Amino acid sequence: MKTLRIALVLMILMISQSKLASAQTRPAWATETKEQKVKRMKWWTDARFGMFIHWGLYSVPARHEWVKLYEKISDEEYQKYFNIFEPDLYNPKQWAAMAKKAGMKYFVITTKHHEGFSLWDTKYSDYKATNTPIGKDLIKPMVEAFRAEGIKVGFYYSLIDWHHPDFEFDATHPPTPTGQAERDAANKGRDMKKYQAFMKNQLTELLTQYGQIDVLFADFSYPGKGHAEWDSENLLKLVRKLQPNIIVNDRLDLDNTDWGWDIKTPEQFMPREWIKVNGEKVPWETCQTFSGSWGYNRDENSWKSVPQLIAMLIETVSKGGNLLLNVGPTARGEFDERANERLEGIGEWMKQHSRSIYGCTQAPDSFKIPQNCFLTYNPERKRLYIHLMQWPFKSLHLEGYKGKFKYAQLLNDGSEVKFYSPTQAGSHTTETTNEGDVILNLPVQKPNVAVPVIELILE
Ligand code: GLC
């Protein structure tokens, strides 16, 4: 009897173990090796800087892209934004030109956000741009315009859908109904299986009708809506089949696998260091806003300054990551002046300094970070970039750099920076530097750029 009971317990244990294991098991279609993945992601790793675009019906109320949920707006009431949506000043060539000017190498557009509205002429929903007063597919000309500027194409697709009749209500989404009993009642007849098919159909359109798509930003999972509800594994299988080279983010709730995501995506957050998974550095991209909201928000005044945004880009690259910086175009279809001013400011800096961004990554640990600086490093060109976040007085101390580089210059004007390795305290400096240290001789006046950069040509 006792042995039978033990056998039973063991069997149950084995079954639950194998269940766990099967959730983690690499599916047969996921055959890519680590090296192949690095190769597939090379353009993205080199690019470092992209533009996020949040555009949809929420651009009309202009009070945050979650306005429907935050203000508990019913479908009927929200319809007024659909009825008036007419971005008549929309000129994607201008958007693409701004992105290019700012130095961005890829862009990611919200093809459908949580509100469920599609910017393209989807066959699977009437809730789309072609049925609003603007009456056209807004994605196609955008993709063409950005591509023409040499900018890679990414699609954001919301897994959450506050409009679809089969998307099941839960405590978080959508805004109504409020109580569990009401939700259960309202969910009768809703069928997530149908919603799964709808997502696959829409993604098939997006990934077959617009040429090569370089990035998919699926958004997002939370307790109660995860890989089972989205059918994430099959969804990803389809995505990879349609676009074998696409780079996919980490919000399908397949984080515990090594095949279900390509990049980690901290949001409005600057990690302390290069993001690691199981102790290993992984590709990561932080998405950031100008002012807090993703969608156009007329009255938000918490805009980051140009130097702050440049510092954010530098810090991100210094930790081996990418920056995806968001613009929320207006309901008329333009980038507002605050956004343009930021993009132009970043572009002005990038014009002279993009060498310290593109193709760069975290510097090897053997280079000690000087005070008030961020380092980036180009392994192919063997150059180290010192970003001086605070302009020092005449001397920049580089501990242990002696013999590691042969030339130093300011990046903004390519002017030589002289250096020396003092071994004894001078009569006026009264500081003894260590053998192996180097001091860069800097001009007293800070170069007239947001963040000066010194380029070291390494030995
Ligand atoms: C969040 C928000 C969303 C935004 C996204 C960007 O998941 O729900 O509004 O689109 O982050 O990463």
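Residues numbered from 1 in each chain as written. Predicted model: local features only at pLDDT ≥ 70, side-chain atom pairs only at ≥ 80, totals over all residues. Heavy atoms only, no water.

Helix and strand content of the protein: 13 helices and 16 strands. By its C-alpha atoms, the protein is 85 × 75 × 40 Å across when sized along the principal axes. For the protein, the share of sequence-separated contacts (at least 6 apart) that also reach a separation of at least 24 residues comes to 71%. Taken as a whole, the protein presents about 21,700 Å² of accessible surface, with 52% of it coming from carbon and sulfur. Seen as two clouds, the 58 positive and the 57 negative side-chain charges of the protein have centres 4 Å apart. (Helix = DSSP H or I, 4+ residues; strand = E, 2+ residues; numbered from the N terminus. Contact = heavy atoms within 4.5 Å. Areas by Shrake-Rupley, 256 points an atom, 1.4 Å probe, with all protein chains shown as cover. Lys, Arg positive; Asp, Glu negative; His and termini not counted. Charge placed at Lys NZ, Arg CZ, Asp CG, Glu CD.)

With that settled, the discussion passes to the sheet that holds strand β2 (residues 106-112). Strand order in this open sheet of 7 strands is β5-β4-β3-β2-β1-β9-β8, and the pairing throughout is parallel. Of all the strands in the sheet, the pair left with one neighbour each is β5 (247-248) and β8 (285-288). One ladder, built from 5 bridges, connects strand β1 (residues 49-53) with strand β9 (residues 322-327); its direction is parallel. Of the residues in β9, the one forming a bridge with M51 is L325. (Pairing = 2+ DSSP bridges.)

All right, on to the packing of helix α12 (residues 306-318) against helix α13 (residues 337-353) then. Packing of α12 against α13 leaves a shortest axis separation of 9 Å and a crossing angle of 55°. As far as their axial angle goes, α13 and α12 are oblique. Like other packed secondary-structure pairs, α12 and α13 cross with a definite hand, here right-handed. Here α12 contributes V306, L309, I310, L313 and I314 to the contact with α13, which in turn contributes E341, R342, G345, I346, W349 and M350. Class assignment of the residues belonging to the contact of α12 with α13 gives a composition of 8 nonpolar, 1 polar and 2 charged. (Axes fitted to C-alpha atoms, helices over the stretch in contact; angles between N-to-C directions. Parallel < 35°, antiparallel > 145°, perpendicular 65-115°, else oblique. Left-handed = near helix turned anticlockwise from the far one by under 90°. Nonpolar A, V, L, I, M, F, W, Y, C, P; charged D, E, K, R; others polar.)

Moving on, we get to the packing of helix α6 (residues 92-102) against helix α7 (residues 139-148). Closest axis-to-axis distance for the α6/α7 pair is 8 Å, and the angle between their directions is 35°. The element α6 and its partner α7 pack so that their crossing is right-handed. Contact residues: P92, K93, W95, A96 and A99 in α6; P141, M142, A145 and F146 in α7. Considering only residue class, the contact of α6 with α7 consists of 8 nonpolar, no polar and 1 charged.

In this section: the domain arrangement of the protein. Put simply, an interface is often sized by how much accessible area is lost when its parts join up. For the protein, the domain assignment lists domain 1 (34-356) and domain 2 (373-458). Counting from both sides, the interface comprises 12 residues of domain 1 and, opposite them, 17 residues of domain 2. Here domain 1 meets domain 2 over a buried area of about 1,300 Å², counting both sides, of which 62% is carbon and sulfur. On inspection of domain 1 and its partner domain 2, the count reaches 2 salt bridges. With its nearest N and O atoms 3.1 Å apart, the salt bridge here joins K42 to E380. Taken together, domain 1 and domain 2 are joined by 7 residue pairs in polar contact (both at pLDDT 80 or more). If you list the elements that add at least two residues to the side of domain 1 that touches domain 2, you get α12 and α13. Among the elements that line the side of domain 1 that touches domain 2, the one with the most residues is α12, at 6 residues. Along the lines of polarity and charge, the residues of the side of domain 1 that touches domain 2 split into 5 nonpolar, 4 polar and 3 charged. (Domains from an automatic or database assignment. Buried area = accessible area lost by both parts, 1.4 Å probe. Salt bridge = Lys/Arg side-chain N within 4 Å of Asp/Glu carboxyl O. Polar contact = N/O pair within 3.5 Å; in protein donor to acceptor, adjacent residues only side chain to side chain.)

This paragraph deals with the pairing of strand β4 (residues 215-219). By the criterion of burial, β4 is predominantly enclosed, with 5 of the 5 residues buried. Side chains V215, F217 and D219 project from β4 onto one buried face, and the interleaved L216 and A218 project onto a second face that is buried too. Bridge analysis of β4 against β5 gives 2 bridges, and the strand direction is parallel. Directly across from L216, in β5, lies its bridge partner V248. (Buried < 20%, exposed > 50% of the residue type's maximum accessible area, 1.4 Å probe, protein only.)

As a further point, take the site of the ligand. Close to the ligand lie 14 residues; H54, E65, H113, H114 and E267 are nearest. Contact between the ligand and H54: an oxygen atom at 2.5 Å from a side-chain N or O atom of the residue. Between the ligand and D219, the relevant distance is 3.0 Å, taken from an oxygen atom to a side-chain nitrogen or oxygen of the residue. Here the ligand has 310 Å² of accessible area as a free molecule, and 95% of this is covered by the chains. Its residues assigned to classes, the shell around the ligand comprises 7 nonpolar, 3 polar and 4 charged. (Near = heavy atom within 4 Å.)

Let's shift gears to the sheet that holds strand β15 (residues 438-441). In sheet architecture, strand pairing relies on hydrogen bonds along the backbone and comes in two forms, parallel and antiparallel. Strand order across the open sheet formed by 3 strands is β12-β15-β14, with antiparallel pairing between neighbours. With one partner strand each, in any of the chains shown, β12 (395-398) and β14 (419-420) form the two edges of the open sheet. Here 4 bridges tie β12 to β15, and the two strands are oriented antiparallel to one another. Looking at the pairing, H397 lines up with I439 of β15.

Below, the discussion takes up the pattern of salt bridges. The final tally for this structure, using the stated rule, is 30 salt bridges. With a shortest N-O distance of 2.7 Å, K112 and D161 are connected by a salt bridge. Highlighted residues: K112 in strand β2 and D161 in the loop between β3 (152-158) and α8 (180-187), separated in sequence by 49 residues. The burial state of K112 is the same as that of D161; both residues are buried. The network of salt bridges with shared partners includes E32, K37, R40, R240 and D262.

A few words now on helix α9 (residues 192-208). With 17 residues, α9 ought to run about 24 Å at 1.5 Å a step, and its terminal C-alpha atoms sit 24 Å apart, in line with that. Against the buried residues of α9 lie β2, β3, β4, α10 (227-230) and α11 (232-242). (Expected span 1.5 Å × (residues − 1).)

So, on to the side chain of Q202. Positionally, Q202 belongs in helix α9. Leaving out residues up to four positions away in the same chain, Q202 has contacts with K112, S118, W120, T122, Y124, S125 and Y157.

One can find K39 in helix α2 (residues 34-40). Put simply, K39 and L159 are 120 residues apart on the chain and 28 Å apart in space, counted from C-alpha to C-alpha.

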